[in-house]
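Structural characterization, general
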Amino acid sequence: VDEEEEYECVSVLNSHTQDVKHVVWHPTQELLASASYDDTVKLYHEEEDDWVCCATLEGHDSTVWSVAFDRSGERLASCSDDKTVRVWQRYKPGNEEGVACSGTDPTWKCICTLSGYHTRTIYDVAWCHLTGALATACGDDAIRVFEESASCDPRQPTFSLAAHIPRAHSQDVNCNSSGRAGTLHCSASVRSTSVEAEPSRRKSPRVSFSRHMSLMARAVFPVSFLE
């Protein structure tokens, strides 16, 4: 923002070679992450009054649709057209694990890959900042929630499927996670023609979107947790 409270462009980041699908800020630092059609995730920070790419995360075999930092900012989750979710950990120079770093820049290493759970493209991923759970939005019309095992090594975490909500548009889904019973209910749905509040909530407004395809769900309602 300049002196007249107008926005001006201070940097154009063109490190990707294909479409940029998603950008997200680090929760506590001026660090930016982006996901791209070129199958990579890139991170940027400010250096000498300009923004530069400081890391490129490679490992996905197809388009990376979305990225999300956890609450601490030490982990980054990415989801892809290759039907996997990858969890990346930041290692600073001189780390106890012995992960090599280049100069003063930290290294981001993939410490977990979630595969075999999704049958189509994963369009969005989100961390729960209260519990550390991961949620994914998939092209197979389902939402999945994963929980990290409490007994696992943080350097090699394991996530298990805690809830699978198929076609979560009109009915209750009962789920049991780690011995705890709970009910997940969808209060709004994204269909090919409309998004409508749950009928039982009479005070909730009805919102209609004409001629929106189901694949636009992520643009209308990105997966998000209440912080």
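Shown above is the structure to which this text applies.
Residues numbered from 1 in each chain as written. Predicted model: local features only at pLDDT ≥ 70, side-chain atom pairs only at ≥ 80, totals over all residues. Heavy atoms only, no water.

1. Focus: the nonpolar core
Condition: Here the nonpolar core consists of buried residues drawn from Ala, Val, Leu, Ile, Met, Phe, Trp, Tyr and Cys, with membership extended through side-chain atoms lying within 4.5 Å. Any residue under 20% of the maximum accessible area for its type is buried, any over 50% is exposed, and the rest in between are partly exposed; the area is computed with a 1.4 Å probe on protein chains only. Helix and strand labels come from DSSP, where a helix needs a run of H or I of at least four residues and a strand needs a run of E of at least two; each type is numbered from the N terminus. In this analysis, two residues are considered to be in contact whenever any of their non-hydrogen atoms come within 4.5 Å of each other.
Formed by 16 residues in total, the largest nonpolar core has its most connected members in Val85, Val87, Leu114, Val125, Trp127, Leu134 and Phe159. Among the secondary structure elements, those contributing two or more residues to this core are β6 (75-80), β7 (85-91), β8 (107-114) and β9 (122-127). Not counting residues up to four positions away in its chain, the partners in contact with phenylalanine 159 are Arg75, Val87, Cys112, Leu114, Tyr117, Trp127, Gly132, Leu134, Phe146, Glu147 and Glu148. One finds Val41, Val64, Val67 and Leu76 within the second-largest nonpolar core, a separate group that totals 13 residues.

2. Observations concerning the pattern of salt bridges
Here is the rule we go by: The rule for a salt bridge is simple: a side-chain nitrogen of Lys or Arg has to be within 4 Å of a carboxyl oxygen of Asp or Glu.
Within the structure shown, the criterion is met by four salt bridges. Between lysine 21 and aspartate 19 there is a salt bridge, with the nearest N and O atoms lying 3.5 Å from each other. Accessibility expressed as a relative area gives 25% for lysine 21, which makes it partly exposed. A salt bridge links arginine 75 to glutamate 148, with the shortest nitrogen-to-oxygen separation between them at 2.9 Å. Here glutamate 148 lies in strand β11 (residues 142-148) and arginine 75 lies in strand β6, a separation of 73 residues in the sequence.

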